[in-house]
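Tertiary structure, described
Residue strings, one per chain:
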Amino acid sequence: MSSYWIDSVKFDSYDSLKNDISTDVCIIGGGITGIVTAYLLSKSGYKVCILEKDKIAHQTTGNTTAKITSQHGLFYHYLTNNFSKEFAKSYLEANEQALHQIKQIIEEENINCDFEVQDNYVYTTLEDEVSKIKHEVQDVQNLGFPAEYVTDIQLPFDILAAIKFPNQAQFHPLKYVNALCKLIIKNGGSIYENSKVYDVKKNDKLYNVKTENNTVTAKYVVLACHYPIINAPGFYFLKMYQETSYLIGFTTNAPLFDGMYINTKTPIASFRTVPYNNTRMVILGGSEHKTGADMDLSDCYLNLENYAKSLFPDANILYRWNTEDCISLDKVPYIGKFSTIMPNMYVATGFKKWGMTTSHVAANIISDFIQDKENPYAETFISTRFKPIENGTEFVNMLKQTTDSLILDKFKIPKETLSEVGKDEGKIIEINGTKIGIYCDTNGKYYALKPVCTHLGCELSWNNLDKTWDCPCHGSRFSYTGKSLYAPSIKDIDLISLDITE
Ligand code: FES
């Protein structure tokens, strides 16, 4: 099912790339990061081109909660303790600047995108989390930001404590980026949809960016494609993982709340409202899990719906959607140079679910690099850092997951047989000694493939909610027909024809 954002806006469409072209800057990925970067650079006179593998802004950007805030959970106590007070201050300022920049762009360009100033809260209902809120308030105030400790919020249940960030914002992300796309075209830029990039090759001082049939030659390349599609150099797959989160949209006759909210601890509950048909709709998010986790996902929406109905008994569920986010091992996004040995190639990834402000932080840093301007926040987000030991637990988990999937799982013999794959079910079974991933649709038609990720070869897990094959290693996802949906994989998986005998 489409997100509310995708469903509620008529988005412009763009042709696919049909010729070889030259440009100053080739941006791979047509989400909010790529679009804002293209907007800033085209405004400064650069010739820019965006290559989007599917439809502009229909992946992470089109499936977000669209909260515009510098409050990224309880993050500043973590940054102060694990980095430094100066580091935390720089992170805060970069995101606050992004918030103001969004407001400024909307005003200057006269963009109608339901922008609303709202306070943002991180709250807890748990006694043992209260001290964390207190520490966060203290640390944020020490950075010079007017955060407040509160014990009363407008959500329909009692809390024990919350930290309030005043004057944050929310908007309709697709109305915003649709308007920016028009401005990119007006500024002489070009946008191509259904133009998947398969390779980027250095050619003297230029890059050749290759789609299936054509090449874009550019001096600068920006990887704004959610997860970098180039493995080496860079090796981002060794320092990042992905999580999937779920959202529902519902209306109710009960009184609603101002503000945007998220709790401190799993199970996460994230709230905001949005204008909807002369009333307002609540967007509730949560049920997150590591992408590709081998688990039953059928209750991910149901749990959210039950929670919504426990708070708003007349909740009328109108939308369900999910999204995927990249998280770096030290929890700080990677923004800047892709690698020290690939000049003029830039990357933005690992936004940790806070993509509305972070996309603008990234667009500012990368466009400043390209224009040879100093950026005061570039060092904070430096993308070539590699300090996995700072999040040793997650690093070990990632390596174990990759090793298990690459080596151990290949020798396990699945118990299921073809006859055990029911309608609308997917399973890994063994046929003639080979592991095969099978999905049986509601009409009884089988779709078979080798359940091996085209990124680095990990074994895929069946996602029984979205009917996709998901990779537990770095979060690639494939449709049951084998189409690559989420990076870092680029290549599709071929379907296998089955000769089924009784
Ligand atoms: Fe890396 Fe699958 S995403 S092996």
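Residues numbered from 1 in each chain as written. Predicted model: local features only at pLDDT ≥ 70, side-chain atom pairs only at ≥ 80, totals over all residues. Heavy atoms only, no water.

Our next topic: helix 6 (residues 173-186). With 14 residues, helix 6 extends 20 Å from end C-alpha to end C-alpha; this agrees with the ideal 20 Å at 1.5 Å per step. For helix 6, a buried count of 10 out of 14 residues is recorded, marking the element as mostly surrounded by other parts of the structure. Among the structural elements, helix 1 (4-7), helix 2 (32-43), strand 2 (48-51), helix 4 (85-108), strand 7 (190-192) and helix 8 (355-370) are those in contact with the buried residues of helix 6. (Helix = DSSP H or I, 4+ residues; strand = E, 2+ residues; numbered from the N terminus. Expected span 1.5 Å × (residues − 1). Buried < 20%, exposed > 50% of the residue type's maximum accessible area, 1.4 Å probe, protein only. Contact = heavy atoms within 4.5 Å.)

This model, assessed by the stated rule, comprises 1 disulfide. Paired by a disulfide, Cys 458 and Cys 473 hold their sulfur atoms 2.1 Å apart. Linking Cys 458 and Cys 473, the disulfide has an S-S dihedral of approximately -90° and is accordingly described as left-handed. With Cys 458 in the loop between strand 20 (446-449) and strand 21 (461-463) and Cys 473 in the loop between strand 22 (468-470) and strand 23 (477-479), the pair connects residues that are 15 residues apart, well separated along the chain. The pair Cys 458 / Cys 473 is uniform in exposure class, with both members buried. (Disulfide = S-S within 2.5 Å.)

Looking now at helix 8. The α-helix winds at 3.6 residues per turn, so residues separated by three or four positions along the chain end up facing the same way. Given a rise of 1.5 Å per residue, 16 residues ought to cover 22 Å, and the 21 Å separating the end C-alpha atoms of helix 8 matches this to within 8%. Of all 16 residues making up helix 8, 15 are buried, and the element is well covered by its neighbours.

For the rest of this paragraph, the subject is the confidence of the model for the protein chain. Per-residue confidence for the protein chain gives a mean pLDDT of 93; residues scoring 70 or more make up 93%. Confidence drops under pLDDT 50 across residues 407-413; counting only partners more than four residues distant or on other chains, this segment forms 10 contacts. (pLDDT = per-residue confidence, 0-100.)

Our next topic: the packing of helix 2 against helix 8. As a packed pair, helix 2 and helix 8 sit with axes 8 Å apart at the nearest point and diverge in direction by 40°. Comparing their axes, helix 8 and helix 2 come out oblique. In the packing of helix 2 onto helix 8, the handedness of the crossing is right-handed. Residues Ile 32, Thr 33, Val 36, Thr 37, Leu 40 and Leu 41 of helix 2 lie in contact with helix 8, whose contacting residues are Gly 355, Met 356, Ser 359, His 360, Ala 362, Ala 363, Asn 364, Ile 366, Ser 367 and Ile 370. A class-by-class count of the residues in the contact of helix 2 with helix 8 yields 9 nonpolar, 7 polar and no charged. (Axes fitted to C-alpha atoms, helices over the stretch in contact; angles between N-to-C directions. Parallel < 35°, antiparallel > 145°, perpendicular 65-115°, else oblique. Left-handed = near helix turned anticlockwise from the far one by under 90°. Nonpolar A, V, L, I, M, F, W, Y, C, P; charged D, E, K, R; others polar.)

The next point concerns the sheet that holds strand 25 (residues 495-496). A sheet is described by the order of its strands in space; here 4 strands give the open sequence 18-19-20-25, paired in antiparallel fashion. Every interior strand has two partners, whereas the edge strands, strand 18 (425-431) and strand 25, have only one. The pairing of strand 20 with strand 25 spans 2 bridges and is classified as antiparallel. Bridging from a neighbouring strand, Leu 449 pairs with Leu 495 of strand 25. (Pairing = 2+ DSSP bridges.)

We now examine the environment of Val 282. Structurally, the position occupied by Val 282 is in strand 14 (residues 279-290). It is 5.3 Å that separates the C-alpha atoms of Val 282 and Phe 250, two residues lying 32 residues apart in sequence. Excluding residues within four positions of it along the chain, Val 282 makes contact with Ile 248, Gly 249, Phe 250, Leu 256, Phe 257, Phe 271, Arg 272 and Thr 273.

Turning to the nonpolar core, a few remarks are in order. Among the nonpolar cores identified, the biggest contains 86 residues, and Phe 171 and Tyr 176 are the most heavily contacted of them. Ranked by residues supplied to this core, first place goes to helix 4 with 10 residues. Look past the residues within four positions of Tyr 176 in its chain and what remains in contact with it is Ile 32, Val 36, Ile 102, Ile 105, Ile 106, Ile 111, Cys 113, Phe 171 and His 360. Of all hydrophobic cores here, the second largest spans 30 residues; its members include Ile 28, Cys 49, Val 197 and Ala 218. (Core = buried A, V, L, I, M, F, W, Y, C linked by side-chain atoms within 4.5 Å.)

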